[in-house]
Amino acid sequence: MDKAVLHDHLDGGLRAQTAKELAVKDSYKPLIEVENIEKFFNRESSESLEDYLEAFVHTTALMTSYDNLERIAFEAAEDMHMCGVTLYESRYAPLYSVNNDLNVKDVINAINSGFNQAENIYGIKSGLILCGMRNDKQNVSLVSEIAIDYKDKIIGFDIAGPEYSYLPSLFSTEFNNLSENGINLTIHAGEGDGVNSIQDALDNGAKRIGHGVRIIEDIDITNNKLGKTAEYVRNQQVPLEICITSNIHTSMYENFSEHPVKDLIDLEFNVSINTDNRLMSNTSINKEIDIAKNLGINNIDNILNKSASYSFLNNF
């Protein structure tokens, strides 16, 4: 049976050694001088979200050539295959890679070429979700247009970046246009902001919620009473793309035992288990599975199988 990972950022999943090799090849000085590249990128002990996100400055700096993008995409799919994944959804903000030598079509083609190589060798099927950066209105507008122009080469659209103060409804025109063009929508919500952000994402056409873990704040666990948004999400079985380790490292929860993923599963929410940023969080889907099991979640294979049933790759 298929097993799917639905929430993984391409620029957050480079192999550390690959980052070092590409830095040397491209003469990217900030990484050339780093002695322990794994330690440098490991943000498990981040004191702030800003510290965690700083690592992306260095990965995106290496994602500005066709060959680099192709290699990074191939290795991401290969790493997922090695963990038993058969359907892999990867998301990326393409404008980070556009330059004088690389246009947006090149960026998309390079990533898909890496995915296709992995599929030819291993059989893993991978697809690209384009991300607009929600703190930049023009960026979201441009990437939404790119998604429509190249909808035959991608599987969906998302907005990433700082969630608080940047509700999905700021981009309602873009989301309407995307929906009218048949683009699948998954929206980051319920991570840096609360239940109102999740509701806003739903109101703007989200088929899945990226993270969504803060739906727990709309639930009275003691009395098993659900608020309006939580009740809708559970009854409609809206997929929540949960990323346990990432939530700890960005200081949403102090430790794994405080994470509400098991409560959500026990309440029959539609939860998927994901990796988010494998490099910065020093994780893999196998590590996330082990964490989930340690939290008392025993039906992991069923969760991964079910995730495959609502993957955007099914129609790609």
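The structure under discussion appears in the preceding block.
Let me begin by describing the structure that accompanies this report.

Procedures and definitions
- Residues numbered from 1 in each chain as written.
- Predicted model: local features only at pLDDT ≥ 70, side-chain atom pairs only at ≥ 80, totals over all residues.
- Heavy atoms only, no water.
- Pairing = 2+ DSSP bridges.
- Helix = DSSP H or I, 4+ residues; strand = E, 2+ residues; numbered from the N terminus.
- Contact = heavy atoms within 4.5 Å.
- Axes fitted to C-alpha atoms, helices over the stretch in contact; angles between N-to-C directions.
- Buried < 20%, exposed > 50% of the residue type's maximum accessible area, 1.4 Å probe, protein only.
- Arc of directions from axis to C-beta.
- Phe/Tyr/Trp six-rings, centres within 6.5 Å; stacked < 30°, edge-to-face > 60°.

1. What about the sheet that holds strand E3 (residues 125-133)?
Working step 1: Strands sit in the order E1-E2-E3-E4 across an open sheet of four strands; the sheet is parallel. If you trace the sheet from one side to the other, it starts and ends with strand E1 (4-5) and strand E4 (156-160), each paired once.
Working step 2: In the sheet, E3 pairs with E4 via five bridges, with the strands oriented parallel. Counted as the bridge partner of Cys 131 is Asp 158 from E4.
Working step 3: Set on the sheet, helix H6 (residues 104-122) makes contact with strand E2 (87-92) and E3; between it and E3 the angle comes to about 155°.

2. Quick look at helix H10 (residues 228-235)
Working step 1: Looking only at H10, the buried set comprises Thr 229, Ala 230 and Val 233. On an axial view of H10, the arc spanned by its buried residues comes to 95°, and they lie on one face.
Working step 2: As for H10, its buried residues are in contact with helix H9 (195-203), strand E7 (219-220), strand E8 (225-226) and strand E9 (240-242).
Working step 3: Following H10 by one or two positions, Gln 237 has its phi on the positive side, about 55°.

3. Some remarks on unusual backbone geometry
Working step 1: Despite not being glycine, His 211 shows a phi value in the positive range, around 80°.
Working step 2: Considering the arrangement of structural elements, one finds His 211 in strand E6 (residues 208-211).
Working step 3: With a phi angle near 70°, Glu 268 is a residue other than glycine that sits in the positive phi range.
Working step 4: Note that Glu 268 resides in the loop between helix H12 (261-266) and strand E10 (271-273).
Working step 5: Here Glu 268 falls in the exposed class, since its relative accessible area comes to 58%.

4. Points about the packing of aromatic side chains
Working step 1: Under the counting rule described, the total for this entry stands at six aromatic pairs.
Working step 2: A centroid spacing of 6.5 Å and a plane angle of 50° characterise the contact between Tyr 52 and Phe 56, whose relative ring orientation is tilted. Of this pair, Tyr 52 and Phe 56 both sit in helix H4 (residues 49-61), four residues apart, roughly one helical turn. Taken as a pair, Tyr 52 and Phe 56 share a single burial class, namely buried.

Honestly, that's just the spatial picture; any functional story needs more than this.
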